[in-house]
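Fold and geometry: a report
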Amino acid sequence: MSDRVVLITGGASGMGAATARAFAEAGARVFIADYDRAAAARTVEQLGGLDGPVESIFCDVRDSSSCKAMVEHTLSAAGRLDVLVNSAGVWVEGPTETTSDADWDQLMNVNLRGVFYCCRAAIPALKQTQGCIVNISSRAANGGVPEVALYCTSKAGVNMLTRCLALELAPHL
């Protein structure tokens with residue numbers, strides 16, 4: 001993987017950080033994109049010394065211009081993009097009847113809209129390298145979970161977006 005460039009949203013913690021570690025251990029150049037600058041910097045520090053270089057980038061996946069800037073920074077710094085991993089996500093739970101509009105907006109904006117924005121921004125670069133997109137979803141997308149309707153719905157949307165992109169991009173990637 002030493003000649004590969006990997007961009008991971010939500011890379012400062014959880015599955016994103018674990019994914020960053022795996023790619024860096026394999027020698028890839030890793031860009032950790034996250035809304036939490038301090039957490040991203042800590043993760044970069046923790047991953048220092050692995051085979052592949054690791055760098056952090058600020059990205060608010062809820063904002064399409066931030067997603068575009070994230071990809072542009074990666075291309076400017078590394079000259080290419082081979083893998084986009086969409087790992088950024090949030091969790092909201094509770095009875096549907098008490099769920100607020102703000103909860104709905106936050107979950108859909110991060111978990112679904114953010115995946116779309118990042119994919120859209122990265123596709124031209126990935127076409128050039130015949131790269132790939134990895135969208136992190138959840139088994140909750142495949143069946144209902146009581147009091148987790150928003151999360152399940154957002155992840156089901158990620159699954160459908162992933163299927164549609166796979167069909168659309170298969171001739172190019």
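The structure we're discussing is the one just above.
Structure report, in brief. (Residues numbered from 1 in each chain as written. Predicted model: local features only at pLDDT ≥ 70, side-chain atom pairs only at ≥ 80, totals over all residues. Heavy atoms only, no water.)

Turning our attention to the pairing of strand S5 (residues 132–135). Side-chain direction in a regular strand flips from residue to residue, so the side chains alternate between the two faces of the sheet. Across 4 bridges, the pairing between strand S4 (residues 83–86) and S5 is parallel. For Leu-84, the partnering residue across the bridge sits in S5 and is Ile-133. Where the polypeptide runs from S4 across helix H4 (residues 101–129) and back to S5, its parallel neighbour, the crossover connection is right-handed. (Pairing = 2+ DSSP bridges. Helix = DSSP H or I, 4+ residues; strand = E, 2+ residues; numbered from the N terminus. Right-handed = clockwise from strand over helix to strand, strands pointing away.)

Right, let's talk about the pairing of strand S2 (residues 29–34) for a bit. Within S2, 5 of the 6 residues are buried, leaving the element largely enclosed by the surrounding structure. Bridging between strand S1 (residues 5–9) and S2 involves 5 bridges; their strand directions are parallel. Of the residues in S2, the one forming a bridge with Val-6 is Val-30. For the crossover that starts at S1, traverses helix H1 (residues 14–25) and ends in the parallel S2, the hand is right-handed. One ladder, built from 5 bridges, connects S2 with strand S3 (residues 54–58); its direction is parallel. Looking across to S3, one finds that Val-30 is bridged to Val-54. (Buried < 20%, exposed > 50% of the residue type's maximum accessible area, 1.4 Å probe, protein only.)

Our next topic: helix H5 (residues 149–169). Helical geometry note: an α-helix holds 3.6 residues per turn, so side chains three or four residues apart project in the same direction. Across its 21 residues, H5 extends 30 Å between first and last C-alpha, which sits within 8% of the 30 Å expected from 1.5 Å per residue. Buried within H5 are the following residues: Leu-150, Tyr-151, Cys-152, Ser-154, Lys-155, Gly-157, Val-158, Asn-159, Leu-161, Leu-165 and Leu-169. In this fold, the buried residues of H5 make contact with H4 and S5. (Expected span 1.5 Å × (residues − 1). Contact = heavy atoms within 4.5 Å.)

Attention shifts here to the environment of Val-85. Within the fold, Val-85 resides in strand S4. Along the sequence, Val-85 and Ile-32 sit 53 residues apart, while their C-alpha atoms lie 9.8 Å from each other. Setting aside residues no more than four positions away along its own chain, Val-85 makes contact with Val-6, Leu-7, Ile-8, Thr-9, Thr-19, Phe-23, Val-134 and Ile-136.

With respect to the helices and strands, Ala-38 occurs in helix H2 (residues 37–47). Between the C-alpha atoms of Ala-38 and Phe-58, which are 20 residues apart in sequence, the distance is 9.9 Å.

Tallied over the full model, the rule gives 3 aromatic pairs. For the ring pair Trp-91 and Tyr-151, a centre distance of 4.6 Å and an interplane angle of 55° mean the geometry is tilted. You can see Trp-91 sitting in the loop between S4 and H4 and its partner Tyr-151 sitting in helix H5, a full 60 residues away along the chain. When its relative accessible area of 12% is taken as the criterion, Tyr-151 is described as buried. Residues Phe-116 and Tyr-117 carry aromatic rings whose centres are separated by 6.2 Å and whose planes lie at 55° to one another, so their mutual orientation is tilted. On the accessibility criterion, Tyr-117 (16% relative accessible area) is buried. Positioned above the aromatic ring of Phe-58 is the side chain of Arg-37, whose terminal nitrogen or guanidinium carbon lies 4.1 Å from the ring centre. Taking NZ or CZ as reference, Arg-62 lies 5.1 Å from the ring centre of Tyr-35, over its face. (Phe/Tyr/Trp six-rings, centres within 6.5 Å; stacked < 30°, edge-to-face > 60°. Lys NZ or Arg CZ within 6 Å of the ring centre and 35° of its normal.)

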